[in-house]
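Examination of the molecular architecture
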Amino acid sequence: MLTRRDVLKLGGADGSVLFVRGRAQPSAANTLHKPVGEHPLICPYCATGCGMIAAAQEGKLVNLEGDPDHPINRGQLCSKGEAARGFVESPYRMTKTLYRAPGSDSWEEKPIDWMIREIAKRIKETRDKYWIRQDDDGYVVNRTEAIAFLGGSSNGNEECYMFIKFARALGLNYIEHQARICHSSTVPALGESFGRGAMTNHPIDFKNADVILIEGGNPAEQHPLTFKWIMEAKDRGAKVIVVDPRFNRSASRADVFAQIRVGTDIAFMGGMIHYILENGLYDEYYVKNYTNATLLVDPEFKTATDLDGLFSGYNPTPDNPNEKGVYDRSTWKYQIGEDGYAKRDLTMTDPHSVFQLLKRQYSRYTLPMVSKITGIPEAKLKQIYELFGSTGKVDRVGTITYAMGATQHSYGTQHIRAYAVVQLLLGNIGRAGGGVNALRGHSNVQGSTDHALLYHILPGYMPVPDRKFPTLQSYLEAKTPKRLLPNAPNWWENLPKYFVSQLKAWWPDVDPQISYHYLAKLGPHVGGKPDGSSDYSHHALLHAALAGVLKGMIAVGQNPAMSAANVNMARKALDSLEWLVVLDPFETETAAHWKRPGVDPKNVGTEVFFIPTPVWAEKTGSITNTGLWAQWYEKAAEAPAGTVDEMYFFTKLVEELKKLYAEGGAFPEPIVNLSWPEWSEEQAVAWAKEINGFDLTTGKQVASFTKLKDDGTTAAGNWLYSGSWTEAGNMMARRDSKTDHPAHIGIYPNWAWCWPVNRRIRYNRASVWFDSGQPRDEKRWVIRWNAELEKWEGDVPDGGWKPGTVLPFIMKSDGLGHLFALGLKDGPFPEHYEPWESAVLNPFGQQNDPVCKVWHFKDLDVYGDPKDYPIIATTYRLTEHWHTGMMSRNVPWLLELQPDPFVEVGAELAKQLGIANGEWVLVESARGAVEAVAIVTPRIQPLKIEDEKGARVVHQVGIPWHWGYMGGGARPESAGNALTPSVHDPNCFIPETKAMLVRLKKLDKPPKKIDLNYGVKG
């Protein structure tokens, strides 16, 4: 069958255009006046990584369509992708550099050169005035807590790498971006479980599964072209299970659907773990050989079953007033033998073995108990557990996929850990069609995380030095792990090579022993502000502004006035800044926080610099999708006059700062000695090559991170991306979608490039028999050992050693997948806790996560009582809109599809409250309110639950969070995050934006839309 594109290649209905790759060729019948160039792009919305082909004429975009050669989307696009040309041509795009003086009610247009000079002055004045060489305890920390950098997930990898290099050279610790508030719990959960904190497989791989569990996500809505591969699996006979508070679009295509009470996911997964163990559904070979089930734990360790929801070592009286308690984790460790290695019991019968402790931990999670907690009937639970448990066999495989419904909780890390435990028990990690697969929400949130726009990591997930390590040697000795089993590869032993190479990429002319001191050190905030801890995360950043510690902030492509939990607090924090720099294609709520309804601009003293930027189609670079594929895209169109490219802006800003610091200032060396390429239209190439790394003695690009050294002779901006741009060229720009794996599992090794070392399925050594290296599942084999040629075939093996030599989880110091976690703050096993705001008592004893972070700042961080707010609420995304709405509400085509904020209300609850379908209602929490259209629907049913208060019915509502007071569809009270609380997971400080208590009341009349008031006009 000919596709639309095939027709175009052959000639349209009128024979007018013949398309070939790269340029449209005019036919003799109807000659075009100008040739139309074609450019490959990657969709700027979710992280599925769909390909596009852009056609441009005289620098203007004239067509944008799905790329038929792209192996993920095969020419298809979702509604946002189809409307992406409307994003480029949005009437709301800004094209003037604007300045807002403190207390002013209007913008002033200023030239970009003036803006750069003034911003450089603000940075230097603030940095110098508030520079901290030594902290209160006398440690040398070389940092400032007065400046923050925020954002970057919609920018390309090269831009994000540039941002972090800039921010670290300034000595900032307040460095954050979207990942903190959307998927940060994924990283410690998967990292602790497997070794890497990212998706184990990739979108196409869903087609290989026999059973797919969707829990904590809605890919049909949020990632439609990923969902296509789930449907392909179903067409081949796979079963799809959806567990969600709402009957959503994914559920409409499921074989089994269960409605769950918001915030009870760990109870649901704990019940599955119990069922698998009790019924012997686990893969015994895999569990014994590839997990830490056989390792022996300290005899003093106690499970939450032993201590009514707590683990051994709990201290309820912390020093930090924003945490409920802390754990002494000294018993959360293995028993170590005289040989220095962890002790094992291969029979798994020792009561201190991880396997027996796991059974004890989940002995309470019976079908009746889980049903009482979650509201899911016992028969439905059993059906799901049996179906997914059936994948614990060699010839069957299951995958679990999730998104922010799983991550954004005060126990989000442990929720995802529960997925990992199930998949390790069933032997589903490292296999085609298996894994724990986080679906990320921004086009490059994976890449921006890889490049470490977060306070606690450096590019490639290397830890930021702490004040306790005064020298490079002390840092490397402390952070380089020792192997716990003799056949554990313990790949992090290579940390010195990667860390030193990064220092040489940033300061190539400086001895690494010296440049180590250029990095700001973590440690308690000077003066105990804002909270006396080492938390520089997204919420802490905002509280630092409220406390007067943080003076200035640079925000790039991020909109905390909408995306932060408890946004009324966040907006007050923006009011508290002395200066704010915003780079964005649109005038966001953050840039215009002083314009928001109910606020007098005269009372807002924040000086604001607004820099309008190009959009993705007007730039060149790479982005990394949720499956870790780094894909190169080409500039297709010229940016509107007046916009300022981010690379140009930061290059000129660095040049200005170098000039200022050459004359003196606080600790000028990191800035003066910083390497930075000169501005050019091709600067993205220079950054990409630096990220990959090169040999300083020859100037040649390294082929992979195995070529990096710790002697100062190699430089690499991000060791994980070594191999992305080698002497052979740009691996990210490869476009071979014909070549696949011999088993046709859909890895397409010659399309783009995937970290690490182009491996498409992580931990794939766990898919083979340990001694022979032969696939356990012949039908869907990923790698296999060719004994005749003495090499691995198929995907790039996760460690190139011969079979029978090393364990498969090469990033872990024991080489094993972790059922028992050693490094998390709230427990080695996932335990069910209620959300911070809950109308239900936890029958397991401990109500909330005992060490979660709970903020209290005056009247801005408040929490709801179930007597006043009896309804459970959650937030979610729509297909037609995207996050804070700036890239979708400003596209008229998308706004027309979903013009108004709404709340989904069950029919029974609506009847109780006297609310009719289509009426406007006010949704209130203890922190704020949202005006929304009531959608009365059977998609949300009342749930029967049982606790100490007895059996009763609870009601839930669902609210999209895309609307705000700027952009298309603007209304005064419409931000879903006005409702969400200031409570955070203790491992990663992700906010609990998926569970809160609210009340509803009917409005007398619809709220008025806000008249947009853009730019210098006011």
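Heads up: these notes are all about the structure in this document. Along each chain, residues carry numbers from 1 onward, in the same order as the chain's sequence is written. In keeping with the predicted nature of the model, local features appear solely for residues at pLDDT of at least 70, side-chain atom pairs appear and are counted solely at 80 or more, and the whole-chain, interface and lining totals rest on all residues. As a rule here, side-chain values come from all non-hydrogen atoms in the structure, and water together with hydrogens is ignored.

With that out of the way, let us pick up the overall build of the protein. Strands are runs of DSSP state E lasting at least 2 residues, helices are runs of H or I lasting at least 4, and numbering of each runs from the N terminus. In terms of regular secondary structure, the protein is built from 28 helices and 41 strands. Each radius of gyration is computed over the set of C-alpha atoms, and the globule rule expresses the reference value as 2.2 Å times the number of residues to the power 0.38. Here the C-alpha radius of gyration of the protein, 27 Å, is about what a compact globule of 1018 residues would show, namely 31 Å. Buried means the residue's accessible area, taken with a 1.4 Å probe over protein chains only, is under 20% of the maximum for its type, while exposed means over 50%, and partly exposed covers the values in between. Put simply, the protein has 1018 residues, and 68% of those count as buried. Any pair of residues with heavy atoms lying within 4.5 Å of one another is described as a contacting pair. Pairs at least 24 apart in sequence give 73% of the contacts found in the protein among residues at least 6 apart. Taken as a whole, the protein presents about 32700 Å² of accessible surface, with 50% of it coming from carbon and sulfur. Here the positive residues are Lys and Arg and the negative ones are Asp and Glu; neither His nor the chain ends is included. For the purpose of locating charges, the reference atoms are NZ of Lys, CZ of Arg, CG of Asp and CD of Glu. Where the 112 positive side-chain charges of the protein centre and where its 118 negative ones centre are 2 Å apart. Methods summary: accessible areas were calculated by the Shrake-Rupley approach with a probe of 1.4 Å, and residue burial reflects only the protein chains presented.

Turning next to helix α10 (residues 265-278). Given the number of residues in a helix, its expected span is that number minus one, multiplied by 1.5 Å. With 14 residues, α10 extends 20 Å from end C-alpha to end C-alpha; this agrees with the ideal 20 Å at 1.5 Å per step. Most of α10 is tucked away: 13 of the 14 residues are buried. Looking one or two places after α10, you find Gly280, whose phi comes out positive at around 60 degrees.

Right, let's talk about the packing of α10 against helix α14 (residues 378-389) for a bit. Two numbers describe a pair of packed helices, the interaxial angle and the distance between the axes. Between the N-to-C directions of two axes lies an angle of 0 to 180 degrees, each axis being a line fitted to C-alpha atoms and, for a helix, fitted only over the stretch in contact. The geometry of α10 relative to α14 is characterised by a closest axis approach of 10 Å and an angle of 60 degrees between their N-to-C directions. In terms of axis orientation, α10 runs oblique to α14. Considering how the two elements wind past one another, α10 and α14 form a crossing that is right-handed. Along the contact surface, α10 presents Ala267, Phe268, Gly271, Met272 and Tyr275, while α14 presents Leu381, Lys382, Ile384, Tyr385, Glu386 and Phe388. Grouping the amino acids of the contact of α10 with α14 by side-chain chemistry returns eight nonpolar, one polar and two charged. Here the angle decides the label: under 35 degrees means roughly parallel, over 145 means roughly antiparallel, 65 to 115 means roughly perpendicular, and every other value means oblique. Two helices crossing with the near one rotated counterclockwise from the far one by less than a right angle form a left-handed crossing, whereas a clockwise rotation gives a right-handed crossing. Residue type decides the class: Asp, Glu, Lys and Arg count as charged, Ala, Val, Leu, Ile, Met, Phe, Trp, Tyr, Cys and Pro as nonpolar, and the leftover types, Gly among them, as polar.

Here we take up the side chain of Glu646. Mapping Glu646 onto the fold places it in helix α24 (residues 646-662). Exposure remark for Glu646: the relative accessible area of 4% places this residue in the buried category. In terms of polar contacts, Glu646 uses its side chain to reach the side chain of Lys619, at 3.1 Å. In this structure, Glu646 is in contact with Asn155, Glu159, Met162, Phe163, Val556, Leu583, Thr613, Pro614 and Lys619, ignoring residues within four places of it in sequence. Two N or O atoms count as a polar contact when they lie within 3.5 Å, although within protein this holds only if one can serve as hydrogen donor and the other as acceptor, and sequence-adjacent residues are included solely when both atoms are side-chain atoms.

A few words now on the pairing of strand β4 (residues 51-57). For a regular strand, the rule is simple: side chains alternate between the two faces of the sheet. Counted residue by residue, β4 has six buried out of seven residues, so it is predominantly covered. Of the pairings in the sheet, the one linking strand β3 (residues 37-42) to β4 comprises six bridges and is antiparallel in character. Within the sheet, the bridge partner assigned to Ile42 lies in β4 and is Gly51. The rule for pairing is simple: two strands pair if DSSP sees at least two bridges between them. The pairing of β4 with strand β5 (residues 60-66) spans six bridges and is classified as antiparallel. Counted as the bridge partner of Ala56 is Leu61 from β5. Linking two consecutive strands that pair antiparallel, namely β4 and β5, is a turn of two residues; a positive phi of about 55 degrees is found at Glu58 within it.

For this document, the term salt bridge refers to a Lys or Arg side-chain nitrogen within 4 Å of an Asp or Glu carboxyl oxygen. Taken as a whole, this structure holds 49 salt bridges when the rule is applied. Salt-bridge contacts for Arg196 lead to Asp798; the nearest nitrogen and oxygen are separated by 2.8 Å. Placement of the pair is Arg196 in the loop between α7 (186-194) and β11 (211-215) and Asp798 in the loop between β31 (791-794) and β32 (853-854), with a sequence separation of 602 residues. Asp798 gets classed as buried once you look at its relative accessible area, which sits at 0%. With its nearest N and O atoms 3.5 Å apart, the salt bridge here joins Arg249 to Glu880. Here the residue Arg249 occupies a position in the loop between β12 (239-244) and β13 (256-259), and Glu880 occupies one in the loop between β33 (871-876) and α27 (892-897), the gap between them amounting to 631 residues. With a relative accessible area of 37%, Arg249 lands in the partly exposed category. Each of the salt bridges in this network shares a partner with another, and the network as a whole consists of Glu118, Lys121, Arg122 and Glu607.

Looking now at empty space enclosed by the protein. Space inside and on the surface of the protein is sampled on a 1 Å grid over the protein atoms alone, with a cavity defined as a set of points where a 1.4 Å probe fits but cannot get out and a pocket as an open set with protein on both sides within 12 Å along at least 5 of 7 lines; lining residues have an atom within 4 Å of a point. Grid points are joined across faces, edges and corners, and a volume is the space filled by probe spheres set on the points. Counted according to the given criterion, the structure contains 11 cavities of 30 Å³ or more. One number sums up the size of the largest cavity: a volume of about 510 Å³. The wall of the largest cavity is formed by 37 residues, among which Ser154, Gln178, His442, Gly557 and Trp882 lie closest to the centre. In the lining of the largest cavity, the residues fall into 16 nonpolar, 17 polar and four charged. If you add up the space inside the second largest cavity, you get close to 270 Å³. Lining of the second largest cavity is provided by 22 residues; of these, Asp244, Gly405, Thr874, Thr875 and Lys994 occupy positions nearest its centre. Tallying contributions element by element places β33 first for the lining of the second largest cavity, with three residues. Of the residues contributing to the lining of the second largest cavity, the split by class is seven nonpolar, nine polar and six charged.

Next up on the list: the sheet that holds strand β29 (residues 753-754). Strands sit in the order β23-β24-β29 across an open sheet of three strands; the sheet is antiparallel. Whereas interior strands pair on both sides, the edge strands pair on one side only; in this sheet they are β23 (621-624) and β29. Taken together, the two bridges between strand β24 (residues 629-633) and β29 define a ladder with antiparallel strand orientation. Note that in β29 the partner of Ala630 across the bridge is Trp753. Its contacts with the sheet put helix α5 (residues 157-170) on β23 and β24, and the angle it makes with β23 is roughly 90 degrees.

Let us look at the nonpolar core. Buried Ala, Val, Leu, Ile, Met, Phe, Trp, Tyr and Cys residues that are joined via side-chain atoms within 4.5 Å together make up what is termed a nonpolar core. Phe166, Phe499, Phe649 and Phe650 are the most contacted members of the largest nonpolar core, which has 180 residues in total. The element contributing the most residues to this core is α5, with nine residues. Dropping the residues within four chain positions of it, Phe499 is found in contact with Leu458, Met462, Pro465, Leu472, Tyr475, Leu476, Tyr516 and Leu519.

The volume enclosed by the second largest pocket comes to roughly 450 Å³. Residue lining of the second largest pocket: 23 residues in total, with Glu618, Lys619, Lys635, Asp645 and Glu681 positioned closest to the centre. Of the residues contributing to the lining of the second largest pocket, the split by class is 10 nonpolar, four polar and nine charged.

Summarising burial for strand β36 (residues 929-937): seven of the nine residues are buried, a large majority. Of the strand pairs in this sheet, strand β34 (residues 902-906) and β36 are connected by five bridges, and their pairing is parallel. Note that in β36 the partner of Phe902 across the bridge is Val933. Where strand β35 (residues 920-924) meets β36, five bridges bridge the pair, whose relative direction is antiparallel. When the bridges of β36 are listed, Val921 appears paired with Ala932.

Bringing the packing of α10 against helix α13 (residues 367-374) into the picture now. Interaxial distance between α10 and α13 falls to 9 Å at its minimum, and their mutual angle equals 170 degrees. With respect to each other, α10 and α13 are oriented roughly antiparallel. Counted together, Ala267, Phe268, Gly271 and Tyr275 of α10 and Leu367, Val370, Ile373 and Thr374 of α13 form the full contact between these two elements. Here the contact of α10 with α13 is composed, by residue class, of six nonpolar, two polar and no charged.

This brings us to the packing of aromatic side chains. Any two aromatic rings considered together are summarised by their centre-to-centre distance and by the angle between their planes. In this analysis, rings of Phe, Tyr and Trp, with Trp reduced to its six-membered ring, are considered paired at centre separations within 6.5 Å, and the interplanar angle assigns stacked below 30 degrees, edge-to-face beyond 60, and tilted for intermediate values. Evaluated as defined, the whole model comprises 61 aromatic pairs. With 5.3 Å between their ring centres and 45 degrees between their planes, Tyr402 and Tyr419 make a pair best called tilted. With Tyr402 in strand β16 (residues 398-402) and Tyr419 in helix α16 (residues 412-425), the pair connects residues that are 17 residues apart, well separated along the chain. Summarising the burial analysis for this pair, Tyr402 and Tyr419 share the class buried. Between Trp506 and Trp507, the ring centres sit 5.8 Å apart and the planes meet at 75 degrees, which makes this aromatic pair edge-to-face. The buried category is assigned to Trp507, whose relative accessible area is 0%. An aromatic cluster is present here, built from Phe301, Phe311, Tyr314, Tyr327, Trp332, Tyr362, Tyr365, Phe820, Phe829 and Phe844 joined pairwise through their rings. Either the NZ atom of lysine or the CZ atom of arginine qualifies as a charge over a ring when it sits within 6 Å of the ring centre and within 35 degrees of the ring normal. Over the ring of Trp229 we find Lys228, and its NZ or CZ is 3.9 Å from the ring centre. The ring of Trp769 is capped by Arg776, whose NZ or CZ atom sits 4.5 Å from the centre of that ring.

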